[in-house]
Amino acid sequence: MDETLEAAAEEPRKAVARAGGNDVRKMVLTCTVLVGAGGDEVRARRSRTYGRGLGRFARWVAGLCPERVVMESTGVYWKSVVPALQDAGVEVRVVNARHVKRVPGRKTDQSDSRWLAIPARFGLARASFVPPRSQDELRRVTRLHARLRGMASELRN
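Keep in mind that what you see is a predicted model, and the values were worked out from it rather than measured. (Residues numbered from 1 in each chain as written. Predicted model: local features only at pLDDT ≥ 70, side-chain atom pairs only at ≥ 80, totals over all residues. Heavy atoms only, no water.)

*Asks:* Which residues make up the overall build of the protein chain, and what values do they have?
*Replies:* When its secondary structure is counted, the protein chain shows 5 helices and 5 strands. For the protein chain, the N- to C-terminal ordering of α and β elements is α-β-β-β-α-β-α-β-α-α. A burial count over the protein chain gives 34% of its 157 residues as buried. If you take every contact in the protein chain between residues at least 6 apart in sequence, the share linking residues at least 24 apart comes to 61%. (Helix = DSSP H or I, 4+ residues; strand = E, 2+ residues; numbered from the N terminus. Buried < 20%, exposed > 50% of the residue type's maximum accessible area, 1.4 Å probe, protein only. Contact = heavy atoms within 4.5 Å.)

*Asks:* Hey, could you go over a positive patch on the surface for me, with residue numbers and the actual values?
*Replies:* Residues R48, R52, R56 and R59 make up a contiguous surface patch of positive charge. Per element, the largest residue contribution to the positive patch is 3 residues, and it comes from helix 2 (residues 51-63). Following the sequence through the fold, R59 ends up in helix 2. (Patch = residues over 30% accessible without salt bridge, like charges linked within 9 Å, V, L, I, M, F, W, Y side chains within 5 Å. Areas by Shrake-Rupley, 256 points an atom, 1.4 Å probe, with all protein chains shown as cover. Salt bridge = Lys/Arg side-chain N within 4 Å of Asp/Glu carboxyl O. Lys, Arg positive; Asp, Glu negative; His and termini not counted. Charge placed at Lys NZ, Arg CZ, Asp CG, Glu CD.)

*Asks:* I'd like a rundown of the pairing of strand 1 (residues 19-24), residues and numbers included.
*Replies:* Counting buried positions over the 6 residues of strand 1 gives 6, a clear majority of the element. The two faces of strand 1 match: A19, G21 and D23 on one face and G20, N22 and V24 on the other face are all buried. Sheet topology note: the strand 1/strand 2 (residues 28-35) ladder contains 6 bridges and is antiparallel. Of the residues in strand 2, the one forming a bridge with G20 is V33. (Pairing = 2+ DSSP bridges.)

*Asks:* Give a detailed account of the sheet that holds strand 4 (residues 68-72), specifying residues and quantitative values.
*Replies:* Paired through backbone hydrogen bonds, the strands of a sheet run either parallel or antiparallel to each other. Spatial strand order, 3-2-1-4-5: 5 strands in an open sheet with mixed pairing. Edge positions in the sheet fall to strand 3 (41-48) and strand 5 (92-95), since each of these pairs with one other strand and no more. Between one strand axis and the next, the sheet turns by 20 degrees as a mean value, whatever way the strands run. Bridge count between strand 4 and strand 5: 4 bridges; the pairing is parallel. Paired with V69 across the two strands is V92, which belongs to strand 5. Helix-sheet contacts for helix 2 involve strand 1, strand 2, strand 3 and strand 4, and the interaxial angle to strand 3 is about 165 degrees. Across the sheet, helix 4 (residues 109-122) is in contact with strand 1, strand 2, strand 3 and strand 4; its angle to strand 1 comes to roughly 140 degrees. (Axes fitted to C-alpha atoms, helices over the stretch in contact; angles between N-to-C directions.)

*Asks:* Can you explain the nonpolar core? Please cite residues and give values.
*Replies:* Residues F57, V61, M71, V81 and L85 are the most contacted members of the largest nonpolar core, which totals 21 residues. Within the residue set of this core, elements represented by two or more residues are strand 2, helix 2, strand 4, helix 3 (78-87) and strand 5. In this view, V61 contacts C31, P66, V69, L85 and V90; residues no more than four positions away in its chain are not counted. In terms of nonpolar packing, the next biggest core, distinct from the first, is built from 7 residues, A19, V95, L116 and A125 among them. (Core = buried A, V, L, I, M, F, W, Y, C linked by side-chain atoms within 4.5 Å.)

*Asks:* Can you tell me about the side chain of R93, naming the residues and giving the values?
*Replies:* Its place among the elements puts R93 in strand 5. For R93, the side chain forms a polar contact with the side chain of E91, separated by 3.2 Å. (Polar contact = N/O pair within 3.5 Å; in protein donor to acceptor, adjacent residues only side chain to side chain.)

*Asks:* How would you sum up the pattern of salt bridges? Please name residues and give values.
*Replies:* Scanning the model with the defined rule gives 4 salt bridges in all. One salt bridge connects R133 with D87, and the closest N-O pair in it is separated by 2.8 Å. Placement of R133 in helix 5 (residues 133-156) and of D87 in helix 3 is noted, with a sequence separation of 46 residues between them. Under the relative-accessibility criterion, R133 is labelled partly exposed at 43%. Residue classification places D87 among the exposed positions, given a relative accessible area of 57%. We note a salt bridge from E137 to R140, for which the minimum N-O separation is 3.0 Å. Of this pair, E137 and R140 both sit in helix 5, 3 residues apart, which is roughly one turn of the helix.

Written out as structure tokens, the structure reads:
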């Protein structure tokens, strides 16, 4: 088994003082960071999931110094947010949506992001495997190569 997977599987569950939860949609990102021992102080912000807005958002989250930020793996929308937060020095965990599913009822982006911050704070959100950037780049290049070879084959035929 890969070393990163083993480390994630054996990671102890410990509570942290500051934790955040991100709710990601196609164009909008909502983050809630629980601050303080009891989580009584809450900081929340909405941003775009691309461009300068994402960079400002990542710096805002890093400025709050959360020890852990959790976000659902919703489609492909998380793929631009994770590198931005990692570049800002924030530990990000992408989790399976089924593992942190909210109880049905009133559902808003703010309530979802706050709900995600709670399991993040107590270490109850198990991280999914997110490949390192070098491996992700290699995957992209390999897929592009396969697609181009297929196109070349179609043109020859």
